[in-house]
Amino acid sequence: RVPHAHGALLTALDRVATPPRHIVLTGEPDVVRQTRARLLGQLDIRDEVYAPSGSALNERYRATGQFAAYLCQGRVCREPLADPDELLARISGRD
């Protein structure tokens, strides 16, 4: 009777079982821009990438010339990553 209901139910179940990832990139603008461009091909459609330009967190890393990426899923974040390649490895599931 309602053939599309089965697909909608499976989509809802997938969203509950695997919450989207949130990736926050901070630091030197050129490194952030390059990392974001490299990430785009590896993300799920539900994943979100943030690069806050005016935040205190970003200014902290930018002032020292460092890079940091925070990978969060649901309400839990991993430790910050200082290497864009390590972030890409985690995103693609190699780590």
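Each remark here, short or long, concerns the structure printed above.
Residues numbered from 1 in each chain as written. Predicted model: local features only at pLDDT ≥ 70, side-chain atom pairs only at ≥ 80, totals over all residues. Heavy atoms only, no water.

## Regarding the overall build of the chain
Stage number 1. Scanning the chain from terminus to terminus reveals 4 helices and 4 strands.
Stage number 2. Across the chain, helices and strands are ordered from the amino to the carboxyl terminus as α-β-α-β-α-β-β-α.
Stage number 3. Scored against the burial criterion, the 95 residues of the chain give a buried share of 28%.
Stage number 4. In the chain, the share of contacts with a sequence separation of at least 24, taken over all contacts with a separation of at least 6, comes to 63%.
Stage number 5. Here the chain has roughly 6400 Å² of accessible surface; of this, 55% comes from carbon and sulfur atoms. (Helix = DSSP H or I, 4+ residues; strand = E, 2+ residues; numbered from the N terminus. Buried < 20%, exposed > 50% of the residue type's maximum accessible area, 1.4 Å probe, protein only. Contact = heavy atoms within 4.5 Å. Areas by Shrake-Rupley, 256 points an atom, 1.4 Å probe, with all protein chains shown as cover.)

## A few points about the sheet that holds strand E4 (residues 76–77)
Sheet strands pair via backbone hydrogen bonds, and the direction of the pair is either parallel or antiparallel.
Stage number 1. One open sheet accounts for 4 strands, arranged E2-E1-E3-E4; its pairing is mixed. Unpaired on one side and paired on the other, strand E2 (48–50) and E4 mark the two borders of the sheet.
Stage number 2. Pairing between strand E1 (residues 21–27) and strand E3 (residues 67–73): 7 bridges, direction antiparallel. Among the inter-strand pairings, Val24 is bridged to a residue of E3, identified as Tyr70.
Stage number 3. Against the sheet, helix H2 (residues 29–39) touches E1, E2 and E3, its axis set at about 155° to E1. (Pairing = 2+ DSSP bridges. Axes fitted to C-alpha atoms, helices over the stretch in contact; angles between N-to-C directions.)

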